[in-house]
Amino acid sequence: MNFKSFAKQATVVTLSTAILLGGGESFAFAKEKDSRDHKEDYGISHITRSDMHKLIEQQGDSKYTVPEFDESKIKNISSAKGYDELGNLINLDVWDTWPLQNADGTVATYNGYQIVFGLAGDPDRGWDTFIYMFYKKVGDNSIDSWKNAGRVFKDSDKFKSDEQNLRDQAEEWSGSATLTSDGEVRLFYTNRHGWDPANGFFGKQTLTTAQINVSEPSENTLKVDGIEDHKSIFDGDGKNYQTVQQAFGGGDYSDNHTLRDPHYIEENGRKYLVFEANTGTETGYQGENSLFNKAYYGKSEAFFRSEKSNLLNSPKKDLAEISNGALGIIEINDDYSLKKVMKPLIASNTVTDEIERPNIFKKDGKWYLFTSSRGSKMTIDGIDDEDIYLLGYVSNSLTGPYKPLNKTGLVLHQDLDPYDVTWTYAHFAIPQEGSDNTVVTSYMTNRGYFEDHQSTFAPSFLLNIKGDKTSVVKDGILEQGQITIK
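Here is a short report on the structure shown in this document.

Before going further, it helps to spend a moment on the overall build of the chain. Of the regular secondary structure elements, the chain holds 7 helices and 27 strands. In terms of overall dimensions, the chain has C-alpha extents of about 75 × 50 × 45 Å along its principal axes. Of all intrachain contacts in the chain linking residues separated by at least 6 positions in sequence, the fraction that spans at least 24 positions is 63%. Accessible surface, the chain as shown: approximately 19,900 Å² in total, 46% of it carbon and sulfur. Here the chain carries 52 positive and 73 negative side-chain charges, and the mean point of each set is 6 Å from the other.

Take a look at the structure:
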């Protein structure tokens, strides 16, 4: 165990000891009741402060640690080429990716190919964020086997729509893709507007969809042949999920609004999108009052009082007040339009405003829900800016309640300097048919940090799932970008 991990665990032990012994002025203060104290879970599951403190004690356990990778073997994606604003051919960064999946989450095969969609762009222009399509033949697992079909959308595609919301799109952010029952490629992604408050643009994020037409014009080559049915689906309702106007309409831009990363699933013939969001006014909104809600802390009264006292006197208090991250769900119609807005599956009030890239699938009759998150966005003492997490939860029902995997929710942890080439993020667990092992993909290397290293497919690795427990499989490292084990 490294010194940093030991120091974090010591923080938790010290807190636990204070609670047990009841000593010290801060604990005496914590015992005082406040008229604002209340308990309201809004009928949804929560990532609690208690669980996050206990999670720190698990860090350093190899079962939950992202494997170490050999920097000397890491390669850029050779086909990830594009053009800068002057028309020069350049190497692109490639970060968040997602495979074309079947309705059950397993990797789909399209005419003998595996397809991955990913965000890519110019390393020197952070706003150059668009979706590209990569593909390879089934059975070819080398990173060099991935070919690049180029951008999915043309710049002109958004202007073919009558929707002003689409016409105002500035960037394309993460999502998911499914191979439909009639063999079509259906993409879900995030339409992100620009940031220009003076002209009413606050970076609005909208769950969006399109059919992607794909052909094979020559042997071993796929091509994007345009799009159809390009349309918006959902951008918040205010009650269940915060809207961009709620976040920024009052002129305060300190909030971190999220409504993105749509992940498609089916259950009993019905279609759903699970997505990253923030809670709305009827599902536990942000604000100082949230700091007094026992449901956000955990079951122990002693922990609630002590932790609340610490938080109220913490430099992270203001951040905790606006921390109301959520993994939301909507039902959609067969034509992929909005059918029903549902309550969040889980929320992270007072813990963090950002639980990203939801990933959900059914295995052995249980629903497994995963989300990526950064320590830099969290408000928990003992978690620092370099901590990276994949958190996981399990339920007997799609709509919950969800309980934390491994007792705390910790599935994967990495603690590396962001300037380490082997730094990874956006971990994504892909179920494998007939196996308890999933393939975990991610991207490696922060974009724009190095001259000779682009953000690239990280080496994949195996994660075993059984019941309410997970573990990283020893010696389970795979090829960069590998998405199946068969």
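The next point concerns empty space enclosed by the protein. All told, the structure shown has 3 cavities of 30 Å³ or more when counted by the stated rule. Each pocket or cavity is described by its volume, and for the largest cavity that value is around 80 Å³. Taken together, Thr97, Trp98, Pro99, Val116, Trp146, Ile430, Thr441, Ser442, Phe457, Gly481 and Ile483 make up the lining of the largest cavity. Secondary structure elements with two or more residues in the lining of the largest cavity: strand S4 (93-101) and strand S24 (437-444). If one sorts the elements of the lining of the largest cavity by residue count, S4 sits on top with 3 residues.

With respect to the secondary-structure elements, Thr371 resides in strand S19 (residues 366-374). You can call Thr371 buried: its relative accessible area is 1%. A polar contact of 2.8 Å, which involves the side chain of Thr371, links it to the backbone oxygen of Glu356. Discounting residues that sit within four places of it in the chain, Thr371 has contacts with Leu327, Ile355, Glu356, Arg357, Tyr389, Leu390 and Leu391.

Next up on the list: the sheet that holds strand S6 (residues 130-137). Across the sheet, which stays open at both edges, the 8 strands sit in the order S7-S6-S5-S4-S8-S9-S12-S13 with mixed pairing between neighbours. Each edge of the open sheet is held by one strand with a lone partner, namely strand S7 (147-151) and strand S13 (221-234). Averaged over all pairs of adjacent strands, the angle between their axes in this sheet comes to 30°, without regard to strand direction.

Criteria and thresholds
- Residues numbered from 1 in each chain as written.
- Predicted model: local features only at pLDDT ≥ 70, side-chain atom pairs only at ≥ 80, totals over all residues.
- Heavy atoms only, no water.
- Helix = DSSP H or I, 4+ residues; strand = E, 2+ residues; numbered from the N terminus.
- Contact = heavy atoms within 4.5 Å.
- Areas by Shrake-Rupley, 256 points an atom, 1.4 Å probe, with all protein chains shown as cover.
- Lys, Arg positive; Asp, Glu negative; His and termini not counted.
- Charge placed at Lys NZ, Arg CZ, Asp CG, Glu CD.
- 1 Å grid on protein atoms, 1.4 Å probe; cavity = no way out; pocket = protein on both sides within 12 Å on 5 of 7 lines; lining within 4 Å.
- Points joined across faces, edges and corners; volume = space filled by probe spheres on them.
- Buried < 20%, exposed > 50% of the residue type's maximum accessible area, 1.4 Å probe, protein only.
- Polar contact = N/O pair within 3.5 Å; in protein donor to acceptor, adjacent residues only side chain to side chain.
- Pairing = 2+ DSSP bridges.
- Axes fitted to C-alpha atoms, helices over the stretch in contact; angles between N-to-C directions.

As far as function goes, none of this settles anything; it's purely spatial.
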